[in-house]
Amino acid sequence: MRTIKDLVRPNIWSLAPYSSARNEYSGHVAHVFLDANENPFNGPYNRYPDPLQEELKERISSIKNVPAENIFLGNGSDEAIDLVYRCFCEPKKDNVVAICPTYGMYEVCADINDVEYRKVLLDEDYQIKAEKLLAACDANTKAIWICSPNNPTGNNINSEEIEKVIEQFDGIVVVDEAYIDFSNQKSFKRYVSNDNYNVIVLQTMSKAWGSAAIRLGMAFAKEDIIGIFNKVKYPYNVNALTQEQAMKRLNDPQAVSQWVSILLQERGRMVEAFAELPICEKVYPTDANFFLAKVEDAQGTYDYLVEKGIIVRNRTRITLCNNCLRVTIGTREENNELLGALRSMK
Ligand SMILES: *Cc1c(COP(=O)(O)O)cnc(C)c1O
């Protein structure tokens, strides 16, 4: 296993981070704040938010069962994805390895940061062998991306293969669990406080938690990785409105379980109904709040649905997804509208 110091870009390792007014005074009880050039009027929004979101992390810690010091919060998971490159990957020198097809942001952020992105094709069941991922690595590979349940395929990646990658790769393994609440796969967050591994687990409030608008992503990792992320992130990366709304949402976890159980029931119904459609050639197994379906003519079906005001995702141009549509599970009424439209398609 390479140490975090071995993996971090040298300029980031030696970086002296920006020190904000809110960082510097901590530890004392104070009531007059004349340190941050804020306007004293228009409270509470006149004040800069907590740069490390401590109250929110305590709440997430108790819900997710991950120590607060192993949590990074960002402006969506997308911030954590970008930080992996900015912190660990030297442009034009280092590379990352990822399954293909998968979530598009890993490659976009690699391109933005000028980091080589190596794709390893999934098999026809949308699965991967650890050996194939490991064989794509070399001494300059800093991270391996695994998304499970995977987007856009919808299925869990085999746990044993992910475990093998974690055990055998000496760099960082990122497991993106954006859809974990819809899956019965056990979270890989159990690896993050173990110093023998370099694992980052990504979760988000955008899916099961019903809060895509507030942009709150979570990265679970060991303390030295969290420390590097905190040093590189924008000082106030999670705004006060987001922290406030996230607290409200987290204080009602029962609503989330209810939504998830409704969506899982609807998922079962939709997968069955789709399989019966004349235009549908195959519905792929799903462990997420969406499914991938192979149809006779994805573009034609997509265009037909747009005409009816129904938008699904056309994935036909994605590797291994020829003529595939990705369908998110909606409310019962929305799902019925989609089925009705497809049934009356000539
Ligand atoms: C939707 C999604 C996310 C969520 O990203 P946010 O920036 O947190 O909204 C992350 N990873 C995958 C694979 C996703 O599909």
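Structure's up top.
Residues numbered from 1 in each chain as written. Predicted model: local features only at pLDDT ≥ 70, side-chain atom pairs only at ≥ 80, totals over all residues. Heavy atoms only, no water.

A word on the environment of Val256. Residue position: Val256 is located in helix 11 (residues 253-276). Sequence separation between Val256 and Lys207 is 49 residues; the distance between their C-alpha atoms is 10.0 Å. Beyond its immediate stretch of four places on either side in the chain, Val256 contacts Ala208 and Trp209. (Helix = DSSP H or I, 4+ residues; strand = E, 2+ residues; numbered from the N terminus. Contact = heavy atoms within 4.5 Å.)

To continue, consider the side chain of Gln53. With respect to the element layout, Gln53 can be found in the loop between helix 3 (21-24) and helix 4 (54-64). On the basis of relative accessible area, Gln53 is assigned to the buried category, the value being 1%. Within the structure, Gln53 has its side chain in polar contact with the backbone oxygen of Pro51 (distance 3.0 Å). A distance of 3.1 Å separates polar atoms of two side chains, one belonging to Gln53 and the other to Asn237. Ignoring any residue separated from it by four or fewer positions in sequence, one finds Gln53 in contact with Leu73, Lys233, Asn237, Val238 and Gln243. (Buried < 20%, exposed > 50% of the residue type's maximum accessible area, 1.4 Å probe, protein only. Polar contact = N/O pair within 3.5 Å; in protein donor to acceptor, adjacent residues only side chain to side chain.)

Three- or four-residue spacings in an α-helix give side chains the same orientation, since the helix completes a turn every 3.6 residues. With 24 residues, helix 11 extends 35 Å between its outermost C-alpha atoms, agreeing within 8% with the 34 Å of an ideal straight helix rising 1.5 Å per residue. Among all positions of helix 11, only Ala255, Val256, Val260, Glu266, Arg267, Met270, Ala273 and Phe274 are buried. Considering only its buried residues, helix 11 is in contact with helix 10 (240-250), strand 8 (280-283), strand 9 (290-295), strand 11 (324-328) and helix 13 (332-343). (Expected span 1.5 Å × (residues − 1).)

Counting 52 residues, the largest nonpolar core has Ile60, Leu133 and Leu216 as the members making the most contacts within it. Excluding residues within four positions of it along the chain, Leu216 makes contact with Leu56, Ile60, Leu73, Gly74, Gly76, Thr204, Met205, Val238, Thr242 and Ala246. Core analysis: the next-biggest nonpolar cluster, separate from the first, contains 34 residues, Phe72, Ile81, Val115 and Tyr117 among them. (Core = buried A, V, L, I, M, F, W, Y, C linked by side-chain atoms within 4.5 Å.)

All right, on to the site of the ligand then. The environment of the ligand is made up of 14 residues, and the closest members are Tyr179, Thr204, Ser206, Lys207 and Arg215. In the environment of the ligand, an oxygen atom lies 2.6 Å from a nitrogen or oxygen atom belonging to the side chain of Thr204. Lys207 places a side-chain nitrogen or oxygen 3.3 Å from an oxygen atom of the ligand. When isolated, the ligand has an accessible area of 390 Å², and the protein chains bury 94% of it. Partitioning the shell around the ligand into residue classes produces 5 nonpolar, 5 polar and 4 charged. (Near = heavy atom within 4 Å. Areas by Shrake-Rupley, 256 points an atom, 1.4 Å probe, with all protein chains shown as cover. Nonpolar A, V, L, I, M, F, W, Y, C, P; charged D, E, K, R; others polar.)

A separate point is the sheet that holds strand 9. Taken together, the 4 strands give an open sheet; going across it, the order is 8-9-11-10, and neighbouring strands pair in antiparallel fashion. Two strands close off the open sheet at either side, each with one partner strand: strand 8 and strand 10 (313-314). Against the sheet, helix 12 (residues 298-307) touches strand 9, strand 10 and strand 11, its axis set at about 40° to strand 11. (Pairing = 2+ DSSP bridges. Axes fitted to C-alpha atoms, helices over the stretch in contact; angles between N-to-C directions.)

To continue, consider the pairing of strand 11. Across the 5 residues that make up strand 11, a large majority, 4, are buried. Pairing of strand 9 with strand 11, which is carried by 5 bridges, proceeds in the antiparallel orientation. If you follow Phe290 over to strand 11, its bridge partner there is Thr328. Pairing of strand 10 with strand 11, which is carried by 2 bridges, proceeds in the antiparallel orientation. In the strand pairing of strand 11, Asn314 is matched with Leu325.

All right, on to the sheet that holds strand 7 (residues 217-220) then. Taken in spatial order, the 7 strands line up as 1-7-6-5-4-2-3 in an open sheet, and their pairing is mixed. Pairing within the sheet leaves two strands with one partner each, and these edge strands are strand 1 (71-74) and strand 3 (116-121). Between one strand axis and the next, the sheet turns through 20° on average, direction left out of account. Of the strand pairs in this sheet, strand 4 (residues 141-147) and strand 5 (residues 172-176) are connected by 5 bridges, and their pairing is parallel. Among the inter-strand pairings, Cys147 is bridged to a residue of strand 5, identified as Asp176. Across the sheet, helix 4 touches strand 1, strand 6 (199-204) and strand 7, and the angle it forms with strand 1 is around 120°. The sheet contacts of helix 6 (residues 105-112) involve strand 3, strand 4 and strand 5, and relative to strand 3 the element is tilted by about 155°.

Looking now at the packing of helix 12 against helix 13. It is at 11 Å that the axes of helix 12 and helix 13 come closest, and there the two elements cross at 120°. Of the possible angle classes, the one that applies to helix 12 and helix 13 is oblique. In this structure, helix 12 meets helix 13 at a crossing whose hand is right-handed. For the pair helix 12 and helix 13, the contacting residues are Thr301, Tyr304 and Leu305 in the first and Leu338, Ala341 and Leu342 in the second. Grouping the amino acids of the contact of helix 12 with helix 13 by side-chain chemistry returns 5 nonpolar, 1 polar and no charged. (Parallel < 35°, antiparallel > 145°, perpendicular 65-115°, else oblique. Left-handed = near helix turned anticlockwise from the far one by under 90°.)

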